[in-house]
Amino acid sequence: MCGIVGIVATTPVNQALYDALTVLQHRGQDAAGIVTSYDGNFKQRKANGLVRDVFETKHMYRLKGNIGIGHVRYPTAGSSSAAEAQPFYVNSPFGIALAHNGNLTNVQELREKCNKFHRHVNTTSDSEVLLNVFAHEIDKCNCDDITADEIFDAVHRVNDQIRGAYGVVSLILGVGLVAFRDPNGIRPLVLGQREGENGKTEYAVASESVALDILGFRLVRDVAPGEAIFVTEDGKLYNRICASETKLNPCIFEYVYFARPDSIMNGVSVYAARVHMGTMLGEKIKRDFADLDIDVVIPIPETSCDIAVEIAKCLGVPYRQGFVKNRYIGRTFIMPGQKQRKKSVRNKLNPIPAEFKGKNVLLVDDSIVRGTTSGQIVDMAHEAGAKKVYFASAAPEIRYPNVYGIDMPSSRELIAYGKTAEEVCRLIRADALIYQSLEDLEKAVRMENPELENFETSVFNGQYITNDIDENYLNFLDQVRNDDAKADKAWNDSTENLEIYNEA
Ligand SMILES: O=P(O)(O)OC[C@H]1O[C@H](OP(=O)(O)OP(=O)(O)O)[C@H](O)[C@@H]1O
Ligand SMILES: NC(=O)CC[C@H](N)C(=O)O
Ligand SMILES: [Mg+2]
């Protein structure tokens with residue numbers, strides 16, 4: 001899940017974009033990039049690595065201008081090459097830079113279209129294809145004096161052609177910032193405003209409201225499904241729904257794992273949703289697993305902490321931080337390879353034996369995906385002296401691939417694929433395993449916004465709301481993106497660094 005941000009201000013935006021990316025870092029740890037527009041040129045810095053490593057002082061000086069976009073990447077398509085770090089840019093019909101959160105499901109067909117239109121697509125990234133489709137449609141506008149309506153018509157034509165999930169921010173050189181969200185509202189995108197110099201209004205769009213908070217922008221609202229926002233370089237905002245059919249189906253996994261708890265998306269506080277997940281799961285344990293003699297509830301840091309506190313409260317047993325998290329290790333699930341993920345769990349979490357010795361412990365995690373974390377953690381709890389180790393997951397069994405921006409391309413890599421809860425329990429060597437039901441998970445999120453009718457829940461039930469996902473596509477995705485395929489690609493990848501050197 002990548003993080004995106006775009007800002008139109010009255011003063012330089014380089015530091016603000018940097019700061020926003022640091023609080024969106026949990027959405028992508030592989031690469032980061034910023035493009036600003038200044039004096040008729042784009043300024044760019046992007047590379048593989050964490051935000052703090054990618055941008056040095058010299059890059060920050062280069063990123064001049066009062067308007068810009070930024071991206072943190074967690075790859076779901078193409079390769080992990082630095083050449084696929086975002087934003088991407090093209091130079092026709094305008095200089096256009098674009099950053100994308102999500103995943104396109106008809107990228108093959110779009111790539112062929114781009115070839116037909118003689119557009120050069122440099123990498124294997126779906127986001128670069130998206131940029132070229134957008135540029136091709138912008139080319140149909142009156143480019144001497146482009147209007148908001150023409151831009152919106154272009155976005156409408158883009159929405160008609162591309163499938164999948166997307167939150168997009170883009171810069172059109174000399175024109176302004178264009179942001180849009182997929183017609184199913186799968187990926188999140190929020191709009192904020194604040195007062196700039198001389199009382200002029202400044203705007204920002206971002207994947208999560210936390211980016212707005214830290215920059216002093218007020219969360220105005222979510223960008224609606226299929227809506228495009230256009231802010232001119234001098235700060236005038238236009239908006240329009242640019243799709244014939246729209247429906248809000250937010251990805252429920254954002255609430256389970258991806259988003260920061262202090263973010264609000266689709267009218268739902270992520271923190272509050274997690275608290276409700278804890279209450280629902282606690283009630284289920286009380287109701288259906290009354291025979292478990294639980295002495296203590298222990299979270300698997302970090303995402304599950306808010307959930308575990310509520311479960312402990314509900315069960316009336318102590319909550320203890322039995323695992324200490326190494327604050328210098330990031331998220332393991334979004335690391336690119338299984339070897340790295342596995343090793344990182346042990347480096348990231350270490351038990352405090354006194355919290356385990358002779359006790360029946362209930363370990364709580366937000367989700368079990370590949371089982372990398374849970375298996376090792378159960379072993380650690382046993383080794384630390386626990387009598388019985390029970391495990392609770394705030395998300396139901398994850399059995400199906402994700403095609404909308406979460407890198408779960410292969411059902412074979414999911415521990416619950418083709419298995420019952422009892423079988424998973426045995427595989428992770430726990431004494432009992434309790435999964436939240438999908439119904440309760442949806443209820444937990446909906447409690448914060450009763451208007452949310454539908455969610456994107458394909459990883460739990462295999463139902464893909466874009467209706468274009470068939471066996472062929474899932475086989476293709478598995479082949480190109482399973483862990484072995486990714487490892488081969490990384491090995492063969494020699495593209496190191498593609499920059500626009502425009503310091504002059
Ligand atoms: O079953 P798995 O494949 O191990 O994936 C699930 C685990 O990965 C995530 O943690 P992560 O370490 O990414 O981040 P966190 O610190 O935010 O919990 C998630 O919170 C689970 O703990
Ligand atoms: N996680 C995402 O949003 C990924 C964006 C895009 N598909 C990429 O791989 O770069
Ligand atoms: Mg975790």
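The rules we used
Residues numbered from 1 in each chain as written. Chains lettered and ligands numbered in written order. Predicted model: local features only at pLDDT ≥ 70, side-chain atom pairs only at ≥ 80, totals over all residues. Heavy atoms only, no water. Helix = DSSP H or I, 4+ residues; strand = E, 2+ residues; numbered from the N terminus. Buried < 20%, exposed > 50% of the residue type's maximum accessible area, 1.4 Å probe, protein only. Contact = heavy atoms within 4.5 Å. Areas by Shrake-Rupley, 256 points an atom, 1.4 Å probe, with all protein chains shown as cover. Near = heavy atom within 4 Å. Polar contact = N/O pair within 3.5 Å; in protein donor to acceptor, adjacent residues only side chain to side chain. Nonpolar A, V, L, I, M, F, W, Y, C, P; charged D, E, K, R; others polar. Phe/Tyr/Trp six-rings, centres within 6.5 Å; stacked < 30°, edge-to-face > 60°. Lys NZ or Arg CZ within 6 Å of the ring centre and 35° of its normal. Pairing = 2+ DSSP bridges. Axes fitted to C-alpha atoms, helices over the stretch in contact; angles between N-to-C directions. 1 Å grid on protein atoms, 1.4 Å probe; cavity = no way out; pocket = protein on both sides within 12 Å on 5 of 7 lines; lining within 4 Å. Sits in = over half its atoms within 2 Å of the grid points. UniProt positions renumbered as here; feature names shortened; annotations may be inferred. Points joined across faces, edges and corners; volume = space filled by probe spheres on them. Domains from an automatic or database assignment.

How should the overall build of the chain be read in this particular structure?
If you tally the helices and strands in the chain, you get 17 helices and 21 strands. Principal-axis analysis of the C-alpha atoms places the extent of the chain at approximately 75 × 50 × 45 Å. By the burial criterion, 62% of the 504 residues in the chain qualify as buried. Considering only intrachain contacts with a sequence separation of at least 6, the fraction spanning at least 24 residues in the chain is 71%. Of the roughly 19700 Å² of accessible surface on the chain, a fraction of 46% belongs to carbon and sulfur atoms.

How should the site of ligand 2 be read in this particular structure?
The full set close to ligand 2 counts 15 residues, and C2, R73, Y74, G102 and D126 are the nearest of them. Within the backbone of C2, a nitrogen or oxygen atom sits 3.1 Å from a nitrogen atom of ligand 2. A distance of 3.1 Å is found between an oxygen atom of ligand 2 and a side-chain nitrogen or oxygen belonging to Q86. Protein chains bury 100% of the 290 Å² of accessible surface belonging to ligand 2 in isolation. The element that contributes the greatest number of residues to the shell around ligand 2 is strand β6 (residues 96-104), accounting for four residues. For the shell around ligand 2, the per-class residue count stands at five nonpolar, eight polar and two charged.

Sorry if this is basic, but what is going on with the packing of aromatic side chains here?
How two aromatic rings sit relative to each other is given by the distance of their centres and the angle of their planes. For the structure on display, the rule yields 14 aromatic pairs. Centroid distance Y18 to F55: 5.9 Å. Interplanar angle 75 degrees. Geometry classified as edge-to-face. Separated by 37 residues along the polypeptide, Y18 in helix α1 (residues 14-23) and F55 in the loop between α2 (51-54) and α3 (57-62) bring together distant segments of the chain. Accessibility classification places Y18 together with F55 in one group, the buried group. Linked through ring pairs, Y74, F253, Y257, F258 and F333 together constitute an aromatic cluster. The side chain of K46 reaches across the aromatic face of F88, ending 4.5 Å from its centre. Against the face of Y257 rests R331, its NZ or CZ located 3.9 Å from the ring centre.

I'm lost on the sheet that holds strand β13 (residues 237-241) in this one. Help?
The strands that make up a sheet pair up through hydrogen bonds in the backbone, lying either parallel or antiparallel. Pairing within the open sheet is antiparallel, and its six strands lie in the order β5-β6-β7-β8-β12-β13. Bordering the open sheet on either side are β5 (88-90) and β13, each of which pairs with just one other strand. For this sheet, the mean angle separating the axes of adjacent strands, direction not counted, is 20 degrees. The pairing of β6 with strand β7 (residues 164-172) spans nine bridges and is classified as antiparallel. Bridge pairing in β7 places L104 opposite G164.

Would you mind going over the site of ligand 1 with me for this structure?
In the vicinity of ligand 1 there are 17 residues, among which Y257, T303, D365, D366 and T373 approach most closely. One of the backbone N or O atoms of V369 is found 2.7 Å from an oxygen atom in ligand 1. Coverage of ligand 1 by the protein chains reaches 96% of its 500 Å² of free accessible surface. Spatially, ligand 1 is embedded in the largest pocket. Looking at side-chain class alone, the shell around ligand 1 contains five nonpolar, six polar and six charged residues.

Explain the environment of L281 to me, please; I cannot follow it from the model alone.
Positionally, L281 belongs in helix α9 (residues 270-288). Between the C-alpha atom of L281 and that of L414, which follows or precedes it by 133 residues, the distance is 22 Å. Apart from residues no more than four positions distant in its own chain, L281 is found in contact with I311, A392, S393, A394, I434, Y435 and Q436.

Quick question: what am I supposed to make of the UniProt feature "binding site: Mg(2+)" (unreviewed entry) in the chain here?
Feature annotation in UniProt places "binding site: Mg(2+)" (unreviewed entry) on T303, D365 and D366, given in this structure's numbering. Across 64 residues in sequence, these annotated residues keep their C-alpha atoms within 7.6 Å of one another, forming a single compact spot. Lining the largest pocket, from the residues named above, are T303, D365 and D366. The buried category is assigned to D365, whose relative accessible area is 7%. Other than its neighbours up to four places away in sequence, D365 contacts I300, S304, T373, F391, A392, S393 and A394. Mapped onto the secondary structure, D366 falls in the loop between β19 (360-365) and α12 (372-383). When its relative accessible area of 4% is taken as the criterion, D366 is described as buried.

Mind showing me how you'd approach helix α14 (residues 438-446) here?
Structurally, the α-helix is built with 3.6 residues per turn, so residues lying three or four positions apart point the same way. Listed as buried for α14 are D440, L441, E442, A444 and V445. Contact partners of the buried residues in α14: α8 (253-258), β15 (268-269), α9 and α15 (458-461).

Explanation requested: empty space enclosed by the protein in the structure shown.
Gaps left between atoms show up when a probe the size of a water molecule is rolled over them. Per the counting criterion, the structure on display carries two cavities of 30 Å³ or more. If you trace the largest cavity, you find 14 residues lining it, with T76, Q86, G102, D126 and S127 closest to the centre. Secondary structure elements with two or more residues in the lining of the largest cavity: β6 and α5 (126-138). At three residues, the largest contribution of residues to the lining of the largest cavity is made by β6. When its residues are assigned to classes, the lining of the largest cavity shows four nonpolar, eight polar and two charged.

When you look at the side chain of H276 in this model, what are you seeing that I'm missing?
Among the secondary structure elements, H276 is positioned in helix α9. For H276, a relative accessible area of 16% translates into the label buried. Polar contacts involving the side chain of H276 include one to the side chain of E448, which spans 2.7 Å. Those residues in contact with H276, other than ones at most four positions away along the chain, are A444, M447 and E448.

Help me out: how do you make sense of the layout of surface pockets in this one?
Estimates place the volume of the largest pocket at around 1200 Å³. In terms of lining, the largest pocket is formed by 47 residues, of which the most central are Q29, I329, G330, R331 and K348. Among the secondary structure elements, those contributing two or more residues to the lining of the largest pocket are α8, α10 (305-315), α11 (338-348) and α12. Among the elements that line the lining of the largest pocket, the one with the most residues is α11, at four residues. Classifying every residue of the lining of the largest pocket by side-chain character gives 17 nonpolar, 16 polar and 14 charged. Of the residues that make up the lining of the largest pocket, three or more belong to each of domain 1 (3-248) and domain 2 (269-326 + 343-461). The calculated volume of the second largest pocket comes to roughly 390 Å³. In terms of lining, the second largest pocket is formed by 16 residues, of which the most central are N159, R163, P183, N184 and E245. Listed by contribution, the elements that provide at least two residues to the lining of the second largest pocket are α6 (148-161) and β7. Residue classes in the lining of the second largest pocket are distributed as five nonpolar, seven polar and four charged.

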